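One letter stands for each residue in the lines below.
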Amino acid sequence: MPREHYERELTQLREDLLRLGSMVEHALVRAMRSLETWDIEAAAQINSDDARIDAAQHAVEEKVMRLLATQQPVARDLRLAAAAIAIASELERIGDYANSIARRVRRVIT
C-alpha cells in the first residue's frame, strides 16, 4: 500500500510538471501573438497569468521536497526529483520571458 501511494505521488509530479510546461507554452505563444498583432488585452492576460505559472513552479518544488522527506526515494526517483526542480525552474524563467514580452507590448502601445 505505501508503495502505491509513492508511485501515485511520482505520477502526480510528472503530471504537474507537464501542466506547468503547457502553461508556459501557452503563455509564450500568446506573448508572441500579442507582439505580432499588438493586442494589448492579450498582453494584459499574460501578465495576470504569470502568477499562476509562479505558483505552479512552487507547487512542483514543494511536492519534490515532501517526496524526498517522506518517501526516501531510490536513486532513479531521486534523479527524477532533482530534474523536476531544475525543469520547473527553467520553465518558470521562460514564463517570465513571455511576461516580459507582454509588458513591453503594453508599454509600446500605451
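The shown structure was predicted, so the numbers you read here are calculated from the model rather than taken from an experiment.

What counts, and where the lines are drawn
- Residues numbered from 1 in each chain as written.
- Predicted model: local features only at pLDDT ≥ 70, side-chain atom pairs only at ≥ 80, totals over all residues.
- Heavy atoms only, no water.
- Helix = DSSP H or I, 4+ residues; strand = E, 2+ residues; numbered from the N terminus.
- Rg over C-alpha atoms; globule rule 2.2 N^0.38 Å.
- Contact = heavy atoms within 4.5 Å.
- Lys, Arg positive; Asp, Glu negative; His and termini not counted.
- Charge placed at Lys NZ, Arg CZ, Asp CG, Glu CD.
- Expected span 1.5 Å × (residues − 1).
- Bend = angle between axes of the 7 residues up to and from the residue.
- Polar contact = N/O pair within 3.5 Å; in protein donor to acceptor, adjacent residues only side chain to side chain.
- Buried < 20%, exposed > 50% of the residue type's maximum accessible area, 1.4 Å probe, protein only.
- Salt bridge = Lys/Arg side-chain N within 4 Å of Asp/Glu carboxyl O.

Asker: Requested: an account of the overall build of the protein, with residues and values cited.
Answerer: Counting its secondary structure elements, the protein contains three helices and zero strands. Against the globule reference of 13 Å for 110 residues, the protein gives a C-alpha radius of gyration of 17 Å, more extended than a compact globule. Here the C-alpha coordinates of the protein stretch approximately 55 × 20 × 15 Å along the principal axes. Considering only intrachain contacts with a sequence separation of at least 6, the fraction spanning at least 24 residues in the protein is 85%. Here the protein carries 16 positive and 18 negative side-chain charges, and the mean point of each set is 1 Å from the other.

Asker: Can you break down the side chain of aspartate 77 residue by residue, with the values?
Answerer: As for its position among the elements, aspartate 77 is in helix H3 (residues 75–109). If we ignore the near neighbours within four places in the chain, the residues touching aspartate 77 are Arg3, Tyr6 and Leu10.

Asker: Describe in detail helix H2 (residues 40–71), supporting the description with residues and values.
Answerer: Spanning 32 residues, H2 covers 47 Å between terminal C-alpha atoms, matching the ideal 46 Å at 1.5 Å per step. Of all the bends in H2, the largest measures some 30 degrees and sits at aspartate 49. At the N-terminal boundary of H2, the capping side chain belongs to aspartate 39, with an oxygen 3.1 Å from the backbone nitrogen of glutamate 41. Glutamine 72 sits one or two residues past H2 and shows a positive phi near 50 degrees.

Asker: Let's hear about unusual backbone geometry: which residues, and what values?
Answerer: A positive phi angle, close to 55 degrees, is found at tryptophan 38, a residue other than glycine. By the element assignment, tryptophan 38 lies in the loop between helix H1 (2–37) and H2. For tryptophan 38, a relative accessible area of 44% gives the class partly exposed.

Asker: Which residues make up the pattern of salt bridges, and what values do they have?
Answerer: Think of it this way: side chains of opposite charge can pair up when their charged atoms draw near. For the coordinates displayed, the defined rule picks out six salt bridges. Linking glutamate 90 and arginine 93 is a salt bridge whose minimum nitrogen-to-oxygen distance equals 2.5 Å. Taken together, the residues span about one helical turn, with glutamate 90 and arginine 93 both in helix H3 at a distance of three residues. A relative accessible area of 40% means that glutamate 90 is categorised as partly exposed. A relative accessible area of 37% means that arginine 93 is categorised as partly exposed. Several salt bridges share partner residues, and in doing so they unite Asp16, Arg19 and Lys63 into one network.

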